[in-house]
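An overview of the molecular structure
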Amino acid sequence: MAESIERIKTLILGSGPAGYTAAIYAARADLKPVMYTGMEPGGQLTTTTEVDNFPGYPEGIDGPTMMVQLQQQAERFGTEVRIGMATGVEFSNQVGGIHKVTIDDSKVVEAETVIIATGASAKYLNIPSEQRLRGGGVSACAVCDGFFYKGQEVAIVGGGDTAAEEASYLANICKKVTMLIRKGEMRASKAMQHRVNSLPNIDIRYFTEVDEILGDQVVEGLRMVNNQTGEKEEISITGFFVAIGHKPNTDIFKGQLEMDNTGYLITKGKSTKTSKPGVFASGDVQDKEYRQAVTAAGTGCMAALDAERYLASVETPAEINS
């Protein structure tokens, strides 16, 4: 049971690039934002060793440091950052209504606006060597980390459009890409299949799964297994990419907000507006196309601006419902 109730103007759920950027803009607009970090403070970038493609960092920056700096910037303008996770929501259907969010099953926060930036979690194979070598050559984003393996041999697992697109990207910069597909065909669109098949340095292995990622501190090789014959084979690689999909962190919002059949929140037009007035979504929780730190930050800015304009349009603050 919730033990206490607090009333605020703007509540931000999530603390990745989208959440922190929203916080910076909301604080500067005097929306007095309160942020709850969620289970993974800093989001997916905290598992990334180097970020080379975020504007303004000519020498690159490691992910955790970048997130600390974003938090400091948000706090500089007055954002209150709290450790905690939303465990229940009750969003109002009324313009100017009050949204109720339960934190850690013990506290209810009543907010005039809510910015959702809970992100998405990459799906992994969940084998011990994969988890151990995350940040040491195992990545779930070829566009983010592929550059570090330029001219090297890498492997990627997955058979959908994302896997095909990332394999094609890697093939342009890597010496060789071994693509592991669990079934006897790809799930990717025909166009993407043709693109992958046309690249001579992509070696497609059907009916093949990962047995073990080899290496102590960094990825040094891969042991594959044919799931039809049981035959195993080892190859030398320096990078291993997982492209089996992402899961948006939206379970808590089911039945409250409109989402697509894979769980991504649906926003209206070019805005961050969700199906409930005063509730906005930014970052990977509503973006399954780009999934980059810089695009997440951009939508975080948009969400804060949308929240500011929404509050300005509400003539009289709604009263707390008894």
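Please refer to the structure placed before this passage.
Anyway, here's the lowdown on the structure attached to this text. (Residues numbered from 1 in each chain as written. Predicted model: local features only at pLDDT ≥ 70, side-chain atom pairs only at ≥ 80, totals over all residues. Heavy atoms only, no water.)

One recurring pattern in soluble globular proteins: nonpolar side chains tend to sit buried together. Counting residues in each nonpolar core, the largest one holds 27 residues, and the members touching the most others are Y20, M66 and I115. Elements represented by at least two residues in this core include exactly α1 (17–28), α2 (63–76) and α7 (293–313). At 7 residues, the largest contribution of residues to this core is made by α7. The residues contacting Y20, other than those within four sequence positions of it, are S15, M35, M67, L70, Q71, A74 and V81. In terms of nonpolar packing, the next biggest core, distinct from the first, is built from 21 residues, Y149, V154, A163 and A167 among them. (Core = buried A, V, L, I, M, F, W, Y, C linked by side-chain atoms within 4.5 Å. Buried < 20%, exposed > 50% of the residue type's maximum accessible area, 1.4 Å probe, protein only. Helix = DSSP H or I, 4+ residues; strand = E, 2+ residues; numbered from the N terminus. Contact = heavy atoms within 4.5 Å.)

Moving on, we come to the pattern of salt bridges. Taken as a whole and judged by the stated rule, the model has 12 salt bridges. Here R82 ties to E6 by a salt bridge, and the two come within 2.8 Å at their closest N and O atoms. Of the two residues, R82 sits in strand β3 (residues 80–82) while E6 sits in strand β1 (residues 4–13), which places them 76 residues apart along the sequence. Side by side, R82 and E6 carry an identical accessibility label, which is buried. (Salt bridge = Lys/Arg side-chain N within 4 Å of Asp/Glu carboxyl O.)

Here we come to the packing of aromatic side chains. Tallied over the full model, the rule gives 5 aromatic pairs. Seen from their ring centres, F280 and Y310 are 6.1 Å apart, and the 70° between their planes marks the pair as edge-to-face. Of this pair, F280 sits in strand β17 (residues 279–281) while Y310 sits in helix α7; the two residues are 30 residues apart in sequence, bridging distant segments of the chain. Assigned by exposure class, F280 and Y310 land together as buried. Geometry around F77 places R28 over its ring, the cationic atom sitting 5.1 Å from the centre. When the ring centre of Y124 is taken as reference, the NZ or CZ atom of R134 above it lies at 4.2 Å. (Phe/Tyr/Trp six-rings, centres within 6.5 Å; stacked < 30°, edge-to-face > 60°. Lys NZ or Arg CZ within 6 Å of the ring centre and 35° of its normal.)

Another aspect to go through is the sheet that holds strand β11 (residues 202–205). Taken in spatial order, the 5 strands make up an open sheet running β8-β15-β9-β10-β11, and their pairing is parallel. Here the strands that pair on one side only, and so sit at the sheet edges, are β8 (138–139) and β11. Relative to strand β15 (residues 239–242), strand β9 (residues 153–157) runs parallel, the two sharing 4 bridges. By the bridge assignment for β15, I156 is matched with F241. Each of β9, β10 (176–180), β11 and β15 touches helix α5 (residues 161–173); the most contacted strand, β10, lies at about 165° to it. (Pairing = 2+ DSSP bridges. Axes fitted to C-alpha atoms, helices over the stretch in contact; angles between N-to-C directions.)

It is worth spelling out the layout of surface pockets at this point. Considering only enclosed or pocket space, the second largest pocket measures out at about 340 Å³ in volume. Surrounding the second largest pocket, 16 residues form its lining, V157, G158, I181, R182 and I244 being those nearest its centre. The residue makeup of the lining of the second largest pocket, split by class, is 8 nonpolar, 3 polar and 5 charged. (1 Å grid on protein atoms, 1.4 Å probe; cavity = no way out; pocket = protein on both sides within 12 Å on 5 of 7 lines; lining within 4 Å. Points joined across faces, edges and corners; volume = space filled by probe spheres on them. Nonpolar A, V, L, I, M, F, W, Y, C, P; charged D, E, K, R; others polar.)

What follows is about the sheet that holds strand β14 (residues 232–236). Strand order across the open sheet formed by 3 strands is β12-β13-β14, with antiparallel pairing between neighbours. If you trace the sheet from one side to the other, it starts and ends with β12 (208–214) and β14, each paired once. The mean angle between the axes of side-by-side strands here comes to 25°, regardless of whether they run parallel or antiparallel. Here 6 bridges tie β12 to strand β13 (residues 221–226), and the two strands are oriented antiparallel to one another. Within the sheet, the bridge partner assigned to E209 lies in β13 and is V225.

Residues P33 and M35 line one face of strand β2 (residues 33–36) and the alternating positions V34 and Y36 line the opposite face, and both faces are buried. Following the chain from β1 across α1 to the adjacent parallel β2, one finds a crossover that is right-handed. By the bridge criterion, 3 bridges tie β2 to β3 in an arrangement that is parallel. For V34, the partnering residue across the bridge sits in β3 and is E80. (Right-handed = clockwise from strand over helix to strand, strands pointing away.)

Considering all chains together, one arrives at 1 disulfide under this definition. Residue pairing for C141: its cysteine sulfur links by disulfide to C144, the two sulfurs lying 2.1 Å apart. The sign of the S-S torsion, about 70°, decides the handedness of the disulfide formed by C141 and C144: right-handed. Classification of C144 by relative accessible area gives partly exposed; the value is 23%. Take C174: it sits in no disulfide, and the sulfur closest to it among the cysteines is that of C141, at 13 Å. Among the residues examined, C174 registers a relative accessible area of 5% and is labelled buried. (Disulfide = S-S within 2.5 Å.)

Structural measurements only, silent on function.
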